[in-house]
Amino acid sequence: MRRPHIPPLLLALIGSLALSLGCDAAEATGWRARLQAQRESTTVRPTWATPGTHRVELQHDGLTRHALVHLPPGFRLQQTTSVVLAFHGGGGDAAYMADDDRYGLISLANRENFVIVFPSGYSRWPRGKLATWNAGDCCGDARDRQVDDVGFVRALLQHLGQQIRISPQRTFAMGMSNGAMMSYRLACEMSDAFRAIAAVAGTEALTNCQPSRPVGILHIHARDDTHVLFNGGAGPDAFRDASKVTDFVSVPTTVSRWVTRLQCAPTPQRTLEVPGASCDTYSGCADGAEVRLCVTASGGHSWPGAPGSRLGRKPPPSQAMSAHEQAWRFFQAQATRSR
């Protein structure tokens, strides 16, 4: 049978198309392989080193976790810098904690020239909203699913250490409510990595705490807090589903535990006295650490000194003192103690 005649130009076009399709298929295969390798890698390495706010993602314990990292205008890649991890409250997320109108932390970091990191807790929602931290006995889905938030924080610090120069002597944690409870858990289980913590409106939520090294403790709480009651228990404005929280430990019990753990002098000194607020400091602790309790008379379950108002009929934050200013001064003092 006679084969049909195919013009040379058409043959060339067919050959070129076949070659192109083969290259496209190979490129697609390579792209899929790269994507799969990226998904399976422990971390996704960012290429950031310039001032501003950057999003960091990493894989940990089968989950995609993320944080916002803010580098101040004075940041220099070659210089060791102070690093503060700020943990949002239950039902929040990294972006909520990074909102300057609510917490003023980015403005503080820019002024004082330190790196501030806003990790996001566990959320079952695709966009990461309504997140919580597994702080031990609290809170929400993170606790119920036993999410490894301590492991996530350790992996995050290791990842940050690959990008910028950080030191445990100048690494700190602070948090609001459930984030404060998470900060306490880090003081218990990652005392090798944190010099001091500042807990605002959230008490310790662990049944067992054995820090390997002394960690400075600053606790800030309003006497009229209606979520985490000052004298213990969950208040009427805590999570609507009581099973998602716990019978909160009181502020005095939390402070007393740390005074004992750090072998501090049993009698505190009044180190701040202003209308509507006061601070008492326990000194003589192991390795020069301190335990400090700052109390506001009003403000409810909020961040003292926050520039923004609160939704609904909730009382405005106390302006008698600033939680972030107090925390930064405390961190600076703790950074200079010998270890």
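Residues numbered from 1 in each chain as written. Predicted model: local features only at pLDDT ≥ 70, side-chain atom pairs only at ≥ 80, totals over all residues. Heavy atoms only, no water.

Asks: How would you summarise the overall build of the protein chain if you had to cite specific residues and measurements?
Replies: Helix and strand counts for the protein chain stand at nine helices and 10 strands. Each of the 339 residues in the protein chain was classed as buried or not, and the buried ones make up 50%. Here the analysis covers contacts within the protein chain between residues at least 6 apart in sequence; of these, 60% occur between residues at least 24 apart. (Helix = DSSP H or I, 4+ residues; strand = E, 2+ residues; numbered from the N terminus. Buried < 20%, exposed > 50% of the residue type's maximum accessible area, 1.4 Å probe, protein only. Contact = heavy atoms within 4.5 Å.)

Asks: So what's going on with unusual backbone geometry? Which residues, and what values?
Replies: A negative phi angle characterises most non-glycine residues, just as the trans form characterises most peptide bonds. Of the consecutive residues Cys-138 and Cys-139, the connecting peptide bond is found in the cis state with omega at 15°. With respect to the helices and strands, the residue Cys-139 is situated in the loop between strand S4 (115-119) and helix H5 (140-144). If you check the backbone angles, Gln-146 has positive phi at about 55° while not being a glycine. Relative to the helices and strands, Gln-146 resides in the loop between H5 and helix H6 (149-163).

Asks: So what about the packing of aromatic side chains? Which residues, and what values?
Replies: Overall, the coordinates contain six aromatic pairs when judged by the stated rule. Between Tyr-96 and Tyr-103, the ring centres sit 6.3 Å apart and the planes meet at 65°, which makes this aromatic pair edge-to-face. The class for Tyr-96 is partly exposed, based on a relative accessible area of 36%. Members of the aromatic cluster, each reached through a chain of ring pairs, are Tyr-96, Tyr-103 and Trp-303. (Phe/Tyr/Trp six-rings, centres within 6.5 Å; stacked < 30°, edge-to-face > 60°.)

Asks: Could you give me a rundown of the state of the cysteines, with the residues and numbers involved?
Replies: Here the structure, examined in full by the defined rule, presents four disulfides. Sulfur-sulfur distance for the disulfide between Cys-279 and Cys-294 comes to 2.0 Å. Residues Cys-279 and Cys-294 are joined by a disulfide whose S-S torsion is about 110°; by sign, that bridge is right-handed. Pair noted here: Cys-279 is in strand S9 (residues 277-282) and Cys-294 is in strand S10 (residues 291-296), with a separation of 15 residues, a long-range link. By the burial criterion, Cys-279 is buried, and Cys-294 matches it. Counting its disulfide-bonded cysteines in sequence order, the protein chain shows a connectivity of 1-2, 3-4, 5-7, 6-8. (Disulfide = S-S within 2.5 Å.)

Asks: Tell me about the packing of H6 against helix H7 (residues 178-189), residues and numbers included.
Replies: In helix packing, the relevant descriptors are the interaxial angle and the interaxial distance, both defined with respect to the helix axes. The geometry of H6 relative to H7 is characterised by a closest axis approach of 11 Å and an angle of 75° between their N-to-C directions. Overall, the two elements H6 and H7 adopt an arrangement that is roughly perpendicular. For the pair H6 and H7, contact is made by Asp-149, Val-150, Val-153 and Arg-154 and by Met-182, Arg-185, Leu-186 and Glu-189, respectively. (Axes fitted to C-alpha atoms, helices over the stretch in contact; angles between N-to-C directions. Parallel < 35°, antiparallel > 145°, perpendicular 65-115°, else oblique.)

Asks: Tell me about the packing of helix H4 (residues 105-112) against helix H9 (residues 323-335), and please be specific about residues and values.
Replies: Between H4 and H9, the least distance of the axes is 10 Å, while the angle of their chain directions is 40°. It follows that H4 is oblique to H9 by the angle criterion. As H4 packs across H9, the resulting crossing turns out to be right-handed. Residue-level inspection shows Leu-105, Leu-108, Arg-111 and Glu-112 of H4 in contact with H9, the latter providing His-324, Glu-325, Trp-328 and Gln-332. (Left-handed = near helix turned anticlockwise from the far one by under 90°.)

Asks: Describe the side chain of His-70, with residues and values.
Replies: The topology assignment puts His-70 in strand S2 (residues 63-71). Polar contacts involving the side chain of His-70 include one to the side chain of Thr-53, which spans 2.8 Å. (Polar contact = N/O pair within 3.5 Å; in protein donor to acceptor, adjacent residues only side chain to side chain.)

Asks: Got a sec to walk through the side chain of His-88? Specific residues and values, please.
Replies: Mapped onto the secondary structure, His-88 falls in the loop between strand S3 (83-87) and helix H2 (94-97). Aside from chain neighbours lying at most four places away, what touches His-88 is Asp-93, Ala-94, Met-97, Pro-119, Ser-120, Gly-121, Ala-131, Thr-132, Trp-133, Met-176, Asn-178 and Gly-179.

Asks: Before we move on, could you go through the sheet that holds S4 and cite the residues and values that matter?
Replies: With respect to topology, 10 strands assemble into an open sheet ordered S1-S2-S4-S3-S5-S6-S7-S10-S9-S8, the strand pairing being mixed. Since the sheet does not close on itself, it has two edges, and those belong to strand S1 (52-60) and strand S8 (269-274), each with one partner. Taking the axes of each pair of neighbouring strands and ignoring which way they run, one obtains an average angle of 15° across the sheet. Where S9 and S10 come together, six bridges link them in antiparallel fashion. (Pairing = 2+ DSSP bridges.)

Asks: So what's going on with the layout of surface pockets? Which residues, and what values?
Replies: The calculated volume of the largest pocket comes to roughly 1300 Å³. Taken together, 44 residues make up the lining of the largest pocket; nearest its centre are Gly-90, Gly-91, Gly-92, Tyr-96 and Lys-314. Of all elements in the fold, only helix H3 (100-103), H5 and H7 reach the threshold of two or more residues within the lining of the largest pocket. Sort the elements by how many residues they give to the lining of the largest pocket and H3 lands first, with three residues. Counted by class, the lining of the largest pocket contains 19 nonpolar, 15 polar and 10 charged residues. Taken as a whole, the second largest pocket encloses approximately 240 Å³ of empty space. (1 Å grid on protein atoms, 1.4 Å probe; cavity = no way out; pocket = protein on both sides within 12 Å on 5 of 7 lines; lining within 4 Å. Points joined across faces, edges and corners; volume = space filled by probe spheres on them. Nonpolar A, V, L, I, M, F, W, Y, C, P; charged D, E, K, R; others polar.)

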